[in-house]
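Fold and geometry: a report
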Amino acid sequence: RHSELNRRVQVNPDGTINLFRLDQPILAACKTELELANDIAKAYEKDYLRNPQVGVVAVERRSQVVMVIGAVKKPGSFFIDKRVQLLTLLGFAEGPDLEHVGTRLIVFRPGSTSSCKTNVSDESTVDKTQLFAFNLKDVQEGKSTFWMEPGDVVSVQMSDKIYVYGNVNKQGIVEMREPLTLTQALAAAGGMKSATQLENIRVVRQKSGTTEHIETVYNFKDISKGKAPDPFLEPNDIVAVSQDKTQKIF
């Protein structure tokens, strides 16, 4: 029956709340509504009221935040009050930016840093970070599902790039928004010019985690006739198309 003590307060970054006529803030984080109400009652009973009756209701929950970054139409932070799937979260971000999006999606999970546990060392309260990789198309088609957790960061990858140079009509970068074969990359480069060494199409690929490169030679005549498989390229591959100087002279 002390209406002047009814307050709507926001939890401070350090997990405490400040209340009228209380000199010290009260820790609110990691407590249920009933536990917090009992602590507030004890604090008021100490110097201000006799046998106070306190009720606490959480009217807004803004601690469960997930983030979406990268090639989406509306990147940013989103507050969730229930469990949501990865596809639902992409919907919150209004879906991929089709002009720049690639083929991959990564979920970074920083792990729990909660200090709510008692009688546990600080090291054991911190879980290891985790990375989860997905094919964006599989997520959009519902083939891959994933439950989000507070603190997750979703990174929708930009389109990968393939580099084509040499005896082609349009040298430069080829955007890779879906799995790309050697034939498709050459077509995206405007096709090959005359006097091309079709038996000597080179693909240069950097070894993962090193500065070394692996060079593979393909016979495009066999590929075009169906005698050899059309290889799929990987992000950052370099396709080198050589010119046959003898054919050029003729």
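Structure: see above.
Per chain, residue numbering runs from 1 following the sequence as it is written. Side-chain atom pairs in this predicted model are given and counted only at pLDDT of 80 or more, local residue features only at pLDDT of at least 70, and totals for whole chains, interfaces and linings cover all residues. Excluding hydrogens and water, the side-chain figures rest on all heavy atoms present in the structure.

Attention now moves to the nonpolar core. Working definition of a nonpolar core: buried Ala, Val, Leu, Ile, Met, Phe, Trp, Tyr and Cys residues. They are joined through side-chain atoms within 4.5 Å. Each residue gets one of three labels from its accessible area relative to the maximum for its type: buried under 20%, exposed over 50%, partly exposed in between, using a 1.4 Å probe on protein chains only. Membership of the largest hydrophobic core comes to 21 residues, with the highest contact counts inside it found for Leu86, Leu105, Val107, Met148, Val154 and Val156. Elements with a minimum of two residues in this core: strand 3 (65-70), helix 2 (86-92), strand 5 (101-109), helix 3 (136-140) and strand 7 (153-158). Working rule for contacts: check all heavy atoms of both residues, and any pair within 4.5 Å makes them a contact. What valine 154 contacts, discounting residues up to four positions off in sequence, is Met67, Val68, Ile69, Leu86, Leu89, Leu105, Ile106, Val107 and Met148. Counting residues in hydrophobic clusters, the runner-up holds 17 residues, among them Val168, Val174, Met176 and Ile201. Put simply, DSSP marks the helices as runs of H or I at least four residues long and the strands as runs of E at least two long, and each gets a number from the N terminus on.

Moving on, we come to helix 1 (residues 33-47). Expected span of a helix, by definition, is 1.5 Å for each gap between consecutive residues, and there is one gap fewer than residues. Across its 15 residues, helix 1 extends 22 Å between first and last C-alpha, which sits within 8% of the 21 Å expected from 1.5 Å per residue. Three or more residues of helix 1 are buried, namely Leu36, Ala37, Ile40, Ala41 and Tyr44. Mapping the buried residues of helix 1 onto a view down its axis gives an arc of 140 degrees, with all of them on the same face. What points out from helix 1, more than 90 degrees from its buried face, is the exposed set Lys42 and Lys46. Close packing links the buried residues of helix 1 with strand 1 (16-17) and strand 2 (26-27). Arc definition: it is the arc formed by the directions from the helix axis to the C-beta atoms.

By the secondary structure assignment, threonine 181 is in the loop between strand 9 (172-176) and helix 4 (182-188). Its relative accessible area of 10% is what places threonine 181 among the buried residues. Setting aside residues up to four positions removed in sequence, threonine 181 forms contacts with Asp230, Pro231, Phe232 and Leu233.

By the secondary structure assignment, serine 194 is in the loop between helix 4 and strand 10 (196-206). Each C-alpha atom, one on serine 194 and one on serine 159, is 30 Å from the other, the two residues being 35 residues apart in sequence.

Here we take up the sheet that holds strand 3. Ordered in space as 4-3-7-5-6, the five strands form an open sheet in which the pairing is mixed. The strands lining the two open edges of the sheet, one partner per strand, are strand 4 (76-79) and strand 6 (130-135). Across the sheet, the mean angle from the axis of one strand to that of its neighbour is 20 degrees, orientation sign disregarded. Of the strand pairs in this sheet, strand 3 and strand 4 are connected by four bridges, and their pairing is antiparallel. The residue bridging valine 65 from the neighbouring strand is phenylalanine 79, located in strand 4. For two strands to count as paired, DSSP must find a minimum of two bridges between them. Inter-axis angles, ranging from 0 to 180 degrees, are taken between N-to-C directions of lines fitted to C-alpha atoms, where helices are fitted over the stretch in contact.

Only one rule defines a salt bridge in this text: a Lys or Arg side-chain nitrogen within 4 Å of an Asp or Glu carboxyl oxygen. In the structure shown here, the tally under the stated rule is 10 salt bridges. Taken together, the salt bridges that share partners define one network made up of Arg109, Glu149 and Asp152.

Pairing between strand 10 and strand 12 (residues 238-243): five bridges, direction antiparallel. Following the sheet pairing, threonine 196 is matched in strand 12 by glutamine 243. In the sheet, strand 10 pairs with strand 11 (residues 213-218) via six bridges, with the strands oriented antiparallel. Each residue of the ladder has a partner; that of valine 204, found in strand 11, is glutamate 215.

Just geometry here; none of it tells us what the structure is for.
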